[in-house]
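Each chain, letter by letter, is given below.
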Amino acid sequence: MAEQKYGFEAFDCAPALRLEAHERVAKLQFDGLNRRLDKIEELIERLEKRLWLTVYGVVGVILAQAFQSLLTATP
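Residues numbered from 1 in each chain as written. Predicted model: local features only at pLDDT ≥ 70, side-chain atom pairs only at ≥ 80, totals over all residues. Heavy atoms only, no water.

- As recorded in an unreviewed UniProt entry, the protein goes by Gene transfer agent protein and comes from Shimia thalassica.

Shown next, in the form of structure tokens:
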């Protein structure tokens, strides 16, 4: 809002209004990007948990097969 000078009524000039509108749009865009990044981070965390479960599962199967082969090899 412009200051009141020389007895004239204060008014908003077009460049200031455009700047404020641009700032609001930029804030909305950043907020949207932050929400999307948060969702992506959650998806990555879930994917990482699944990956570790898969790795532990594969290692468990390999160890079970090795243990089973040791049991059959020794009388």
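## Notes on the overall build of the protein
Then comes step 1: Helix and strand counts for the protein come out as one helix and zero strands.
Then comes step 2: Within the protein, buried positions represent 3% of all 75 residues.
Then comes step 3: When the accessible surface of the protein is split by element, carbon and sulfur atoms take 65% of a total near 7,600 Å². (Helix = DSSP H or I, 4+ residues; strand = E, 2+ residues; numbered from the N terminus. Buried < 20%, exposed > 50% of the residue type's maximum accessible area, 1.4 Å probe, protein only. Areas by Shrake-Rupley, 256 points an atom, 1.4 Å probe, with all protein chains shown as cover.)

## Details of the pattern of salt bridges
Oppositely charged side chains can pair when the atoms bearing their charge come close.
Then comes step 1: Counted by the stated rule, this structure contains one salt bridge.
Then comes step 2: The partner of D31 in a salt bridge is K27, and the shortest N-O contact between them spans 3.0 Å. On the criterion of helical spacing, the pair formed by D31 and K27 is a turn pair, its members being four residues apart in helix α1 (residues 14-73).
Then comes step 3: By relative accessible area, D31 is classed as partly exposed at 28%.
Then comes step 4: Given a relative accessible area of 53%, K27 falls into the exposed group. (Salt bridge = Lys/Arg side-chain N within 4 Å of Asp/Glu carboxyl O.)

## Quick look at a nonpolar patch on the surface
Then comes step 1: A grouping of L51, W52, V55, Y56, V59 and L63 is seen on the molecular surface, where their side chains present a nonpolar patch of about 620 Å² in accessible area.
Then comes step 2: A relative accessible area of 34% means that V55 is categorised as partly exposed. (Patch = residues over 30% accessible without salt bridge, like charges linked within 9 Å, V, L, I, M, F, W, Y side chains within 5 Å.)

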